[in-house]
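Structural overview for review
Listed below, chain by chain, are the residues.
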Amino acid sequence: MSGIAWVRNVGEALRRSRQTGKPVFLLFIEAPGCDVCGQFGKRVLGNDRLAEAIETLFVPCLVNKLGLSAMDRDASVRFKENKNGNPIVRFFDSQEHELIRRKSNLWYGYEIASRMETVLRRFNGCNGCPEWFSEFRRELDLNYIARTRRSHVERAIFVVDDYFMGQSAVGRLALPEHGSYPIISTRCSHFDLLKTVEVKFDSSQMPFPALLELVKTHVKELKCTVPIDPIQLRISLEIFGMQKTCLILRKNNNLMNSKVDAKMIQNYYVTCLPYEVQFILSERQRLLVNAAIVSRAGDQWKDILSPRQRSMMQAPEQTHLTTLPDEYWESLSPPSGSPKLRSPKIWSPRIRILAS
(Lines give C-alpha, C1' and ligand atoms only; values in the text may rest on other atoms or scores of the structure.)
Protein backbone atom coordinates (compact mmCIF):
# COMPACT_ATOMS: atom_id res chain seq x y z
CA MET A 1 0.00 0.00 0.00
CA SER A 2 1.40 3.37 -1.13
CA GLY A 3 4.86 1.95 -1.74
CA ILE A 4 5.64 1.32 1.94
CA ALA A 5 7.65 -1.86 2.63
CA TRP A 6 5.17 -3.47 5.02
CA VAL A 7 5.97 -6.36 7.34
CA ARG A 8 3.09 -8.84 7.17
CA ASN A 9 3.93 -10.82 10.31
CA VAL A 10 3.33 -9.18 13.70
CA GLY A 11 5.92 -11.39 15.38
CA GLU A 12 8.54 -10.36 12.84
CA ALA A 13 7.60 -6.70 13.34
CA LEU A 14 8.11 -7.02 17.11
CA ARG A 15 11.47 -8.71 16.54
CA ARG A 16 12.59 -5.87 14.25
CA SER A 17 11.41 -3.40 16.86
CA ARG A 18 13.72 -5.00 19.42
CA GLN A 19 16.61 -4.92 16.95
CA THR A 20 16.16 -1.36 15.71
CA GLY A 21 14.73 0.33 18.80
CA LYS A 22 11.79 1.66 16.76
CA PRO A 23 8.09 1.43 17.70
CA VAL A 24 5.71 -0.64 15.59
CA PHE A 25 3.24 1.14 13.28
CA LEU A 26 0.45 -1.44 13.06
CA LEU A 27 -2.19 -0.81 10.39
CA PHE A 28 -5.43 -2.83 10.20
CA ILE A 29 -7.34 -2.61 6.91
CA GLU A 30 -9.90 -4.51 4.85
CA ALA A 31 -8.78 -5.17 1.30
CA PRO A 32 -10.04 -5.68 -1.26
CA GLY A 33 -13.57 -4.30 -1.10
CA CYS A 34 -13.24 -1.40 1.38
CA ASP A 35 -13.50 1.99 -0.34
CA VAL A 36 -12.60 3.81 2.89
CA CYS A 37 -9.36 1.82 3.14
CA GLY A 38 -8.55 2.67 -0.46
CA GLN A 39 -9.09 6.37 0.17
CA PHE A 40 -7.00 6.15 3.33
CA GLY A 41 -4.17 4.64 1.33
CA LYS A 42 -4.31 7.34 -1.35
CA ARG A 43 -5.08 10.42 0.74
CA VAL A 44 -3.07 9.70 3.89
CA LEU A 45 -0.41 7.10 3.12
CA GLY A 46 0.01 8.55 -0.36
CA ASN A 47 1.81 11.55 1.15
CA ASP A 48 5.49 10.94 0.37
CA ARG A 49 6.91 12.44 3.56
CA LEU A 50 4.37 10.68 5.77
CA ALA A 51 5.19 7.37 4.07
CA GLU A 52 8.89 8.10 4.54
CA ALA A 53 8.35 8.77 8.25
CA ILE A 54 6.47 5.49 8.66
CA GLU A 55 9.28 3.58 6.98
CA THR A 56 12.24 5.30 8.63
CA LEU A 57 10.97 6.08 12.15
CA PHE A 58 8.77 3.01 12.72
CA VAL A 59 8.53 -0.66 11.86
CA PRO A 60 5.50 -0.69 9.51
CA CYS A 61 3.27 -3.75 9.85
CA LEU A 62 0.08 -4.41 7.85
CA VAL A 63 -2.76 -6.73 8.88
CA ASN A 64 -5.71 -7.49 6.62
CA LYS A 65 -8.81 -7.83 8.78
CA LEU A 66 -10.50 -9.99 6.13
CA GLY A 67 -8.23 -12.79 7.29
CA LEU A 68 -6.99 -13.90 3.89
CA SER A 69 -4.06 -15.65 5.58
CA ALA A 70 -3.53 -17.42 8.88
CA MET A 71 -1.19 -14.64 10.07
CA ASP A 72 -3.86 -12.01 9.43
CA ARG A 73 -6.55 -14.02 11.20
CA ASP A 74 -4.31 -14.63 14.22
CA ALA A 75 -3.35 -10.95 14.45
CA SER A 76 -6.98 -9.78 14.22
CA VAL A 77 -7.96 -12.08 17.06
CA ARG A 78 -4.84 -11.26 19.06
CA PHE A 79 -5.53 -7.49 18.99
CA LYS A 80 -9.34 -7.82 19.05
CA GLU A 81 -9.97 -6.03 15.77
CA ASN A 82 -13.33 -6.70 14.13
CA LYS A 83 -13.54 -7.69 10.49
CA ASN A 84 -16.01 -4.94 9.64
CA GLY A 85 -14.56 -1.54 10.31
CA ASN A 86 -12.53 1.35 9.03
CA PRO A 87 -8.72 1.51 8.92
CA ILE A 88 -7.13 1.50 12.37
CA VAL A 89 -3.57 2.50 13.23
CA ARG A 90 -2.10 1.32 16.51
CA PHE A 91 1.36 1.73 18.01
CA PHE A 92 3.30 -0.82 20.09
CA ASP A 93 6.75 -1.24 21.55
CA SER A 94 8.79 -4.43 21.18
CA GLN A 95 7.10 -5.93 24.27
CA GLU A 96 3.66 -5.45 22.72
CA HIS A 97 2.73 -2.62 25.08
CA GLU A 98 0.44 -0.11 23.41
CA LEU A 99 2.13 3.30 23.37
CA ILE A 100 -0.98 5.40 22.85
CA ARG A 101 -4.64 4.67 23.39
CA ARG A 102 -6.47 3.15 20.42
CA LYS A 103 -8.55 5.65 18.49
CA SER A 104 -10.81 5.09 15.50
CA ASN A 105 -12.20 7.37 12.79
CA LEU A 106 -8.95 9.13 11.94
CA TRP A 107 -9.31 10.29 8.34
CA TYR A 108 -6.60 12.88 7.82
CA GLY A 109 -2.84 12.89 7.62
CA TYR A 110 -2.44 15.53 10.31
CA GLU A 111 -4.28 13.27 12.80
CA ILE A 112 -2.01 10.30 12.07
CA ALA A 113 1.12 12.48 12.11
CA SER A 114 0.14 13.99 15.45
CA ARG A 115 -0.19 10.56 17.04
CA MET A 116 3.09 9.47 15.45
CA GLU A 117 4.88 12.45 17.00
CA THR A 118 3.36 11.70 20.42
CA VAL A 119 4.46 8.07 20.19
CA LEU A 120 8.02 8.98 19.19
CA ARG A 121 8.38 11.37 22.13
CA ARG A 122 7.00 8.79 24.57
CA PHE A 123 9.08 5.99 23.12
CA ASN A 124 12.42 7.78 22.77
CA GLY A 125 12.11 10.75 25.11
CA CYS A 126 12.11 14.45 24.28
CA ASN A 127 14.72 13.96 21.53
CA GLY A 128 12.92 11.04 19.95
CA CYS A 129 11.19 13.00 17.21
CA PRO A 130 13.44 14.53 14.53
CA GLU A 131 12.93 18.16 13.63
CA TRP A 132 11.97 17.45 10.03
CA PHE A 133 9.01 15.34 11.12
CA SER A 134 7.85 17.80 13.79
CA GLU A 135 7.83 20.57 11.18
CA PHE A 136 6.03 18.30 8.74
CA ARG A 137 3.34 17.62 11.35
CA ARG A 138 2.90 21.38 11.90
CA GLU A 139 2.68 21.85 8.16
CA LEU A 140 -0.15 19.31 7.93
CA ASP A 141 -1.99 21.11 10.74
CA LEU A 142 -1.67 24.50 9.05
CA ASN A 143 -2.67 23.11 5.65
CA TYR A 144 -5.81 21.62 7.18
CA ILE A 145 -6.70 24.94 8.82
CA ALA A 146 -6.06 26.86 5.59
CA ARG A 147 -8.25 24.42 3.67
CA THR A 148 -11.17 23.99 6.08
CA ARG A 149 -11.15 27.03 8.40
CA ARG A 150 -10.42 29.91 6.08
CA SER A 151 -11.82 32.45 8.52
CA HIS A 152 -8.83 31.69 10.78
CA VAL A 153 -6.31 32.56 8.07
CA GLU A 154 -5.39 36.23 8.17
CA ARG A 155 -2.77 38.24 6.35
CA ALA A 156 -0.55 41.09 7.42
CA ILE A 157 1.69 43.33 5.32
CA PHE A 158 4.99 44.83 6.45
CA VAL A 159 7.30 47.34 4.80
CA VAL A 160 10.94 46.27 4.38
CA ASP A 161 14.16 47.80 3.05
CA ASP A 162 15.29 44.54 1.47
CA TYR A 163 12.89 41.94 0.07
CA PHE A 164 15.06 38.93 0.72
CA MET A 165 16.21 39.68 4.25
CA GLY A 166 12.69 40.80 5.18
CA GLN A 167 11.07 37.60 3.96
CA SER A 168 13.73 35.49 5.67
CA ALA A 169 13.29 37.43 8.93
CA VAL A 170 9.53 36.80 9.02
CA GLY A 171 10.07 33.11 8.31
CA ARG A 172 12.42 32.99 11.27
CA LEU A 173 9.39 33.17 13.58
CA ALA A 174 8.28 29.76 12.30
CA LEU A 175 11.55 28.03 13.29
CA PRO A 176 11.43 25.99 16.52
CA GLU A 177 14.26 27.94 18.15
CA HIS A 178 12.19 31.11 17.71
CA GLY A 179 8.87 29.71 18.89
CA SER A 180 7.39 27.71 15.96
CA TYR A 181 4.74 30.36 15.43
CA PRO A 182 1.93 29.47 12.98
CA ILE A 183 3.19 31.30 9.89
CA ILE A 184 1.52 29.65 6.88
CA SER A 185 3.34 31.47 4.08
CA THR A 186 5.18 34.64 3.14
CA ARG A 187 5.71 36.41 -0.16
CA CYS A 188 7.56 39.45 -1.40
CA SER A 189 5.29 42.03 -2.97
CA HIS A 190 4.98 45.77 -3.46
CA PHE A 191 2.31 48.34 -2.82
CA ASP A 192 2.73 51.52 -4.81
CA LEU A 193 6.42 52.34 -4.26
CA LEU A 194 6.78 50.37 -1.03
CA LYS A 195 8.71 47.11 -0.75
CA THR A 196 6.54 44.79 1.31
CA VAL A 197 6.37 41.24 2.67
CA GLU A 198 2.92 39.71 2.98
CA VAL A 199 2.40 37.16 5.76
CA LYS A 200 -0.40 34.60 6.08
CA PHE A 201 -0.88 33.18 9.57
CA ASP A 202 -3.32 31.21 11.70
CA SER A 203 -5.10 33.81 13.81
CA SER A 204 -6.72 31.17 16.04
CA GLN A 205 -3.26 30.33 17.45
CA MET A 206 -1.64 33.74 17.02
CA PRO A 207 -3.96 36.77 16.79
CA PHE A 208 -2.86 39.85 14.89
CA PRO A 209 -1.87 41.80 18.05
CA ALA A 210 0.40 38.92 19.10
CA LEU A 211 2.04 38.91 15.66
CA LEU A 212 2.72 42.63 15.88
CA GLU A 213 4.25 42.26 19.35
CA LEU A 214 6.55 39.52 18.02
CA VAL A 215 7.57 41.61 15.05
CA LYS A 216 8.17 44.66 17.22
CA THR A 217 10.40 42.69 19.60
CA HIS A 218 12.19 40.14 17.42
CA VAL A 219 12.07 41.20 13.76
CA LYS A 220 13.94 44.45 13.36
CA GLU A 221 14.14 44.00 9.57
CA LEU A 222 10.47 44.99 9.26
CA LYS A 223 10.17 48.77 9.29
CA CYS A 224 6.45 49.31 9.68
CA THR A 225 3.07 47.68 9.17
CA VAL A 226 0.50 48.31 6.44
CA PRO A 227 -3.00 47.79 7.93
CA ILE A 228 -5.46 46.18 5.53
CA ASP A 229 -8.64 47.12 7.39
CA PRO A 230 -9.78 49.50 10.16
CA ILE A 231 -9.34 46.85 12.86
CA GLN A 232 -5.71 46.28 11.92
CA LEU A 233 -5.25 50.04 11.72
CA ARG A 234 -6.45 50.54 15.29
CA ILE A 235 -4.28 47.70 16.60
CA SER A 236 -1.23 48.90 14.66
CA LEU A 237 -1.55 52.40 16.07
CA GLU A 238 -1.78 50.99 19.60
CA ILE A 239 1.28 48.73 19.25
CA PHE A 240 3.50 50.39 16.62
CA GLY A 241 2.39 53.97 16.97
CA MET A 242 1.87 56.55 14.26
CA GLN A 243 5.47 56.56 13.03
CA LYS A 244 5.50 52.85 12.11
CA THR A 245 1.98 52.57 10.69
CA CYS A 246 1.37 53.31 7.01
CA LEU A 247 -1.95 55.14 6.67
CA ILE A 248 -2.85 54.17 3.09
CA LEU A 249 -6.37 52.83 3.44
CA ARG A 250 -8.38 53.16 0.24
CA LYS A 251 -12.06 53.46 -0.60
CA ASN A 252 -14.52 51.73 1.72
CA ASN A 253 -11.78 51.55 4.37
CA ASN A 254 -10.11 48.62 2.64
CA LEU A 255 -6.61 48.34 1.28
CA MET A 256 -6.05 47.37 -2.32
CA ASN A 257 -4.21 44.08 -2.79
CA SER A 258 -0.45 44.19 -2.90
CA LYS A 259 1.09 43.22 -6.22
CA VAL A 260 3.57 40.50 -7.09
CA ASP A 261 5.55 40.82 -10.31
CA ALA A 262 6.26 37.71 -12.34
CA LYS A 263 10.02 38.33 -12.08
CA MET A 264 9.93 38.85 -8.32
CA ILE A 265 11.95 36.15 -6.57
CA GLN A 266 10.30 34.40 -3.65
CA ASN A 267 12.34 32.75 -0.88
CA TYR A 268 15.58 33.96 -2.43
CA TYR A 269 17.94 31.79 -0.38
CA VAL A 270 16.12 28.62 -1.44
CA THR A 271 17.05 29.43 -5.02
CA CYS A 272 20.66 28.89 -3.91
CA LEU A 273 19.95 25.16 -3.54
CA PRO A 274 20.19 22.48 -6.24
CA TYR A 275 17.12 22.41 -8.45
CA GLU A 276 16.42 18.78 -7.54
CA VAL A 277 15.84 19.91 -3.95
CA GLN A 278 13.94 23.10 -4.80
CA PHE A 279 11.29 21.25 -6.77
CA ILE A 280 10.40 18.80 -3.99
CA LEU A 281 10.13 21.34 -1.16
CA SER A 282 6.64 22.25 0.00
CA GLU A 283 5.65 25.89 0.40
CA ARG A 284 6.18 25.84 4.16
CA GLN A 285 9.49 24.00 3.81
CA ARG A 286 10.66 26.75 1.47
CA LEU A 287 9.68 29.31 4.11
CA LEU A 288 11.60 27.46 6.85
CA VAL A 289 14.68 26.70 4.77
CA ASN A 290 14.82 30.29 3.52
CA ALA A 291 14.93 31.50 7.12
CA ALA A 292 17.24 28.79 8.47
CA ILE A 293 19.93 29.29 5.82
CA VAL A 294 20.40 32.84 7.14
CA SER A 295 19.85 32.33 10.88
CA ARG A 296 21.50 28.95 11.52
CA ALA A 297 25.20 28.17 11.52
CA GLY A 298 26.72 25.82 9.00
CA ASP A 299 24.42 23.25 7.47
CA GLN A 300 21.97 23.02 10.36
CA TRP A 301 19.23 24.23 8.00
CA LYS A 302 19.29 20.73 6.50
CA ASP A 303 17.54 19.42 9.64
CA ILE A 304 14.30 20.70 8.07
CA LEU A 305 14.70 18.30 5.14
CA SER A 306 13.68 14.67 5.36
CA PRO A 307 16.45 12.04 4.92
CA ARG A 308 15.42 11.38 1.34
CA GLN A 309 15.39 15.07 0.55
CA ARG A 310 18.86 15.46 2.08
CA SER A 311 20.12 12.56 -0.01
CA MET A 312 19.30 14.61 -3.10
CA MET A 313 21.78 17.30 -2.14
CA GLN A 314 24.66 17.35 -4.59
CA ALA A 315 28.04 18.98 -4.80
CA PRO A 316 28.14 22.26 -6.75
CA GLU A 317 29.87 20.76 -9.76
CA GLN A 318 27.14 18.14 -10.07
CA THR A 319 24.26 20.61 -10.27
CA HIS A 320 22.81 22.25 -13.35
CA LEU A 321 23.56 25.79 -12.20
CA THR A 322 26.23 26.39 -14.82
CA THR A 323 23.86 25.54 -17.66
CA LEU A 324 21.83 28.71 -17.14
CA PRO A 325 22.54 31.64 -19.46
CA ASP A 326 24.04 34.87 -18.10
CA GLU A 327 20.79 36.70 -18.94
CA TYR A 328 19.05 34.74 -16.20
CA TRP A 329 21.55 35.77 -13.54
CA GLU A 330 21.48 39.37 -14.67
CA SER A 331 17.69 39.44 -14.27
CA LEU A 332 17.88 38.54 -10.57
CA SER A 333 18.04 41.14 -7.82
CA PRO A 334 20.49 40.03 -5.13
CA PRO A 335 20.29 41.20 -1.52
CA SER A 336 21.97 44.47 -0.72
CA GLY A 337 25.70 43.99 -0.47
CA SER A 338 25.84 40.93 -2.74
CA PRO A 339 28.10 41.06 -5.82
CA LYS A 340 26.58 41.72 -9.23
CA LEU A 341 25.46 38.47 -10.83
CA ARG A 342 27.00 37.69 -14.19
CA SER A 343 27.95 34.05 -13.83
CA PRO A 344 27.15 31.37 -11.24
CA LYS A 345 30.89 30.72 -10.94
CA ILE A 346 31.44 34.09 -9.24
CA TRP A 347 28.26 34.10 -7.14
CA SER A 348 29.92 33.40 -3.82
CA PRO A 349 26.70 33.17 -1.68
CA ARG A 350 25.33 30.41 -3.91
CA ILE A 351 28.57 28.44 -4.01
CA ARG A 352 29.01 28.79 -0.24
CA ILE A 353 25.54 27.40 0.48
CA LEU A 354 25.93 24.50 -1.92
CA ALA A 355 29.33 23.60 -0.53
CA SER A 356 27.93 23.35 2.99
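Below is a short write-up of the structure. Bear in mind that the values here come from a model prediction, so they are computed numbers and not experimental data. (Residues numbered from 1 in each chain as written. Predicted model: local features only at pLDDT ≥ 70, side-chain atom pairs only at ≥ 80, totals over all residues. Heavy atoms only, no water.)

1. Details of the pairing of strand 7 (residues 222-226)
Let me state the cut-off plainly: The buried label goes to any residue with under 20% of its type's maximum accessible area, the exposed label to any with over 50%, and the partly exposed label to all in between, with areas taken from a 1.4 Å probe on protein chains only. Secondary structure counts use DSSP, requiring at least four H or I residues in a row for a helix and at least two E residues in a row for a strand, with both numbered from the N terminus. Pairs of strands are assigned from DSSP output, requiring at least two bridges between the strands.
Extensive coverage of strand 7 is indicated by the burial of 4 of its 5 residues. Pairing analysis gives 4 bridges linking strand 4 (residues 153-160) to strand 7, with the strands arranged antiparallel. Its bridge partner lying in strand 7, Val-160 is registered against Leu-222.

2. Observations regarding the sheet that holds strand 1 (residues 24-29)
Basically, it comes down to this: Structural elements are reduced to axes, namely lines fitted to C-alpha atoms, with helices fitted over the stretch in contact, and the angle between N-to-C directions of any two is expressed from 0 to 180 degrees. Whether two residues are in contact is decided by their heavy atoms: any pair within 4.5 Å suffices.
Overall, mixed pairing links the 3 strands, which are arranged 2-1-3 in an open sheet. The two strands at the open ends of the sheet, each matched to only one other strand, are strand 2 (59-64) and strand 3 (88-92). Taking the axes of each pair of neighbouring strands and ignoring which way they run, one obtains an average angle of 25° across the sheet. Note: strand 1 against strand 3, 5 bridges, orientation antiparallel. By the bridge assignment, Leu-27 is partnered in strand 3 with Val-89. Relative to strand 2, helix 4 (residues 70-78) is tilted by about 95°, and along the sheet it contacts strand 1 and strand 2.

3. Focus: the pattern of salt bridges
Note the following rule: For this analysis, a salt bridge means a side-chain nitrogen from Lys or Arg found within 4 Å of a carboxyl oxygen belonging to Asp or Glu.
In the structure shown here, the tally under the stated rule is 21 salt bridges. Linking Arg-121 and Glu-117 is a salt bridge whose minimum nitrogen-to-oxygen distance equals 3.2 Å. Placement of both Arg-121 and Glu-117 in helix 5 (residues 109-124) is noted, with a separation of 4 residues, approximately one turn of the helix. The class of Arg-121 is partly exposed, set by a relative accessible area of 33%. In this structure, a network of salt bridges that share partners links the residues Glu-81, Arg-90, Glu-98 and Arg-102.

4. Concerning helix 2 (residues 35-43)
For the record, the criterion: Here the arc refers to the directions that run from the helix axis out to each C-beta atom.
Every buried residue of helix 2 is accounted for by Cys-37, Phe-40 and Gly-41. Looking straight down helix 2, one finds that the buried residues subtend no more than 95° of arc, so they occupy a single side. Exposed side of helix 2, more than 90 degrees from the buried face: Asp-35 and Lys-42 are the residues found there. Looking at the buried positions of helix 2, the neighbouring elements they touch are strand 1, strand 3 and helix 5.

5. A closer look at the packing of aromatic side chains
Basically, it comes down to this: Here is the rule: rings of Phe, Tyr and Trp (six-membered ring for Trp) pair when centre to centre is within 6.5 Å. Planes less than 30 degrees apart are stacked, more than 60 are edge-to-face, and the remainder are tilted.
Throughout the structure, instances matching the rule amount to 13 aromatic pairs. Measuring from ring centre to ring centre gives 5.2 Å for Tyr-108 and Tyr-144, while their planes differ by 55°; the resulting arrangement is tilted. Here the residue Tyr-108 occupies a position in the loop between strand 3 and helix 5, and Tyr-144 occupies one in helix 6 (residues 131-148), the gap between them amounting to 36 residues. We classify Tyr-144 as buried; its relative accessible area is 14%. Ring pairing ties together the aromatic residues Trp-6, Phe-25, Phe-58 and Phe-91, which thus form one cluster.

6. As for the pairing of strand 4
Side-chain direction in a regular strand flips from residue to residue, so the side chains alternate between the two faces of the sheet. Along strand 4, 6 of the 8 residues are buried, which leaves the element largely enclosed by surrounding structure. Summarising the sheet, strand 4 and strand 6 (residues 194-202) pair through 7 bridges and their orientation is antiparallel. By the bridge assignment, Val-153 is partnered in strand 6 with Asp-202.

7. Description of the sheet that holds strand 4
Strand pairs in the sheet, formed through backbone hydrogen bonds, run parallel or antiparallel to each other. Strand order in this open sheet of 4 strands is 5-6-4-7, and the pairing throughout is antiparallel. Sheet topology places strand 5 (183-191) and strand 7 at the edges, where each strand pairs with a single neighbour. Strand-to-strand twist of the sheet, defined as the mean angle between neighbouring strand axes without regard to direction, takes the value 30°. Contacts between helix 6 and the sheet are confined to strand 4, strand 5 and strand 6, with strand 5 contributing the most and set at about 65° to the helix.

8. Description of the packing of helix 6 against helix 11 (residues 283-295)
Put simply, the test is: When describing relative orientation, an angle under 35 degrees is termed roughly parallel and one over 145 degrees roughly antiparallel, while 65 to 115 degrees is termed roughly perpendicular and anything else oblique. It is the rotation of the near helix from the far one that decides the hand of a crossing: anticlockwise by less than a right angle makes it left-handed, clockwise makes it right-handed. In the scheme used here, Gly and all other residues not listed as nonpolar or charged are polar, with Ala, Val, Leu, Ile, Met, Phe, Trp, Tyr, Cys and Pro taken as nonpolar and Asp, Glu, Lys and Arg as charged.
Between helix 6 and helix 11, whose axes approach to 10 Å, the crossing angle comes to 130°. Taken as axis vectors, helix 6 and helix 11 run oblique relative to one another. Two packed elements cross with a definite hand, and for helix 6 against helix 11 that hand is right-handed. Here Glu-135, Arg-138, Glu-139 and Leu-142 of helix 6 lie close against helix 11, whose contacting residues are Arg-284, Gln-285 and Leu-288. Class assignment for the residues of the contact of helix 6 with helix 11 results in 2 nonpolar, 1 polar and 4 charged.

9. Let's talk about the state of the cysteines
Stated formally: Note that a disulfide, as used here, is simply two cysteine sulfur atoms within 2.5 Å.
The tally for this structure, following the rule as stated, stands at 0 disulfides. Distance from the sulfur of Cys-224, which forms no disulfide, to the nearest cysteine sulfur (Cys-246) is 3.4 Å. Assessed through its relative accessible area of 10%, Cys-224 is described here as buried.

10. Describing unusual backbone geometry
For Lys-80, which is not a glycine, the phi torsion comes out positive at approximately 55°. Topologically, Lys-80 is positioned in the loop between helix 4 and strand 3.

Just distances and angles here, no functional claims.
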